Amino acid sequence: MDSYAPAHERDARSKDGSDGADGMAVASFVLGLVGLLAFNIVLGPFALVLGGIALVRGTKRPVRAVLGLVLGAADLMVLVVLLTMNKGLLLPFGS
């Protein structure tokens, strides 16, 4: 956000969600979705954080931010299931 912009422009930008909240909502959704397939230990928490921040900042896309939160939580649940089934992070190769 440009700190040299007049106050009325800064207020208008923060009210309409153009301060990055919409991008955070979309990023949360995408990271949560990709995290179901790979890197869920990293992408799940990022999806949770970005979705939460987007909701706090008042995004125009609250459904996408909530979906990012749900998918981020699902990423962590998949991680827990994989850890309990495989007894570790690495897949066993060989016998």
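Please read these numbers as outputs of a predicted model, since none were measured by experiment.

(A) Quick look at the environment of valine 66. Residue position: valine 66 is located in helix α4 (residues 62–86). Along the backbone, valine 66 and alanine 47 are 19 residues apart, and their C-alpha atoms lie at a distance of 9.9 Å.

(B) Highlighting the packing of helix α2 (residues 21–35) against helix α3 (residues 40–57). It is at 8 Å that the axes of α2 and α3 come closest, and there the two elements cross at 155 degrees. One element, α2, and the other, α3, form an angle in the roughly antiparallel class. The two elements α2 and α3 meet at a crossing, and its hand is left-handed. Taken together, the residues of α3 that come into contact with α2 (itself represented by Ala21, Met24, Ala25, Ala27, Ser28, Leu31, Gly32, Val34 and Gly35) are Asn40, Leu43, Phe46, Ala47, Leu50, Gly51, Ile53, Ala54 and Arg57. Split into classes, the residues belonging to the contact of α2 with α3 amount to twelve nonpolar, five polar and one charged.

(C) Up close: the environment of glycine 23. Among the secondary structure elements, glycine 23 is positioned in helix α2. The exposure class assigned to glycine 23 is partly exposed, which follows from its relative accessible area of 44%. Each C-alpha atom, one on glycine 23 and one on lysine 60, is 10.0 Å from the other, the two residues being 37 residues apart in sequence.

(D) Focus on α4. Taking 1.5 Å per residue as the helical rise, α4 with its 25 residues ought to reach 36 Å, and the 36 Å between its terminal C-alpha atoms agrees with that figure. For α4, the set of buried residues is Ala65, Gly68, Leu71, Gly72, Asp75 and Leu79. On its buried face, α4 is in contact with α2 and α3.

(E) Main features of the side chain of aspartate 22. Within the secondary structure, aspartate 22 is located in helix α2. Despite its burial, aspartate 22 remains without a salt bridge, the nearest opposite charge being carried by lysine 60 at 4.9 Å. There is a polar contact of 2.6 Å between the side chain of aspartate 22 and the side chain of threonine 59.

Criteria and cut-off values
Residues numbered from 1 in each chain as written. Predicted model: local features only at pLDDT ≥ 70, side-chain atom pairs only at ≥ 80, totals over all residues. Heavy atoms only, no water. Helix = DSSP H or I, 4+ residues; strand = E, 2+ residues; numbered from the N terminus. Axes fitted to C-alpha atoms, helices over the stretch in contact; angles between N-to-C directions. Parallel < 35°, antiparallel > 145°, perpendicular 65-115°, else oblique. Left-handed = near helix turned anticlockwise from the far one by under 90°. Contact = heavy atoms within 4.5 Å. Nonpolar A, V, L, I, M, F, W, Y, C, P; charged D, E, K, R; others polar. Buried < 20%, exposed > 50% of the residue type's maximum accessible area, 1.4 Å probe, protein only. Expected span 1.5 Å × (residues − 1). Lys, Arg positive; Asp, Glu negative; His and termini not counted. Salt bridge = Lys/Arg side-chain N within 4 Å of Asp/Glu carboxyl O. Polar contact = N/O pair within 3.5 Å; in protein donor to acceptor, adjacent residues only side chain to side chain.

Treat this as a map of the structure, not an account of what it does.
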